[in-house]
Amino acid sequence: MGLAYNTYLDSNKIYGCKNCKAHLANHEDIISRSFRGQHGKAYLFNSVVNVDAGDPSERSMTTGRHIVRDIACKQCKETVGWKYDKAYEASEKYKEGKFILEAELLCNVS
């Protein structure tokens, strides 16, 4: 196993881990701001960096059943959201492969 390196984003607005400030996502990668997480407001992102995904689990959410993985900051191991692996409802398929980051667990890095 080699050294783990963080990816650094180059954007006008970068969201980072509130705990350690590691870069997580570009503002331009937000698909939707109308999501809710355990800590309140959450954002759906097309892609994120510097996260490790946990094991998949099936969860019943307000929009139906999904298979998701918790995602944690690679640097400090703090859980920052989840990744959608599978949506059972046809109307929710657009979430597959996308990421939720909870606003309360983020900070603006730039």
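Read on for an overview of the structure. Not measured: the values here are computed from a predicted model.

Here's the deal with the environment of Q75
Okay, so step 1: Mapping Q75 onto the fold places it in the loop between strand 7 (64-73) and strand 8 (79-87).
Okay, so step 2: On a C-alpha basis, the gap between Q75 and A22 in space is 6.9 Å, while along the polypeptide they are 53 residues apart.
Okay, so step 3: Separated by 2.5 Å, the side chains of Q75 and N6 make a polar contact.

So, the pairing of strand 3 (residues 30-37)
Okay, so step 1: Two strands pair when backbone bridges link them, and strand 3 and strand 4 (residues 40-45) are joined in this way by five bridges, in the antiparallel orientation. Paired with S32 across the strands is L44, a residue of strand 4.

Considerations on the packing of aromatic side chains
Okay, so step 1: Applying the stated criterion to the full structure yields four aromatic pairs.
Okay, so step 2: Geometrically, the ring pair formed by Y15 and Y43 is tilted, given 5.9 Å between the ring centres and 45 degrees between the ring planes. On the criterion of sequence distance, the pair formed by Y15 in strand 1 (residues 14-17) and Y43 in strand 4 is long-range, its members being 28 residues apart. Like Y43, Y15 is buried.
Okay, so step 3: Grouped by ring-pair contacts, the aromatic residues Y15, Y43 and F45 constitute a single cluster.
Okay, so step 4: One residue, R65, lies across the ring of Y88, its end atom 4.1 Å from the ring centre.

Rules and cut-offs
- Residues numbered from 1 in each chain as written.
- Predicted model: local features only at pLDDT ≥ 70, side-chain atom pairs only at ≥ 80, totals over all residues.
- Heavy atoms only, no water.
- Helix = DSSP H or I, 4+ residues; strand = E, 2+ residues; numbered from the N terminus.
- Polar contact = N/O pair within 3.5 Å; in protein donor to acceptor, adjacent residues only side chain to side chain.
- Pairing = 2+ DSSP bridges.
- Phe/Tyr/Trp six-rings, centres within 6.5 Å; stacked < 30°, edge-to-face > 60°.
- Buried < 20%, exposed > 50% of the residue type's maximum accessible area, 1.4 Å probe, protein only.
- Lys NZ or Arg CZ within 6 Å of the ring centre and 35° of its normal.

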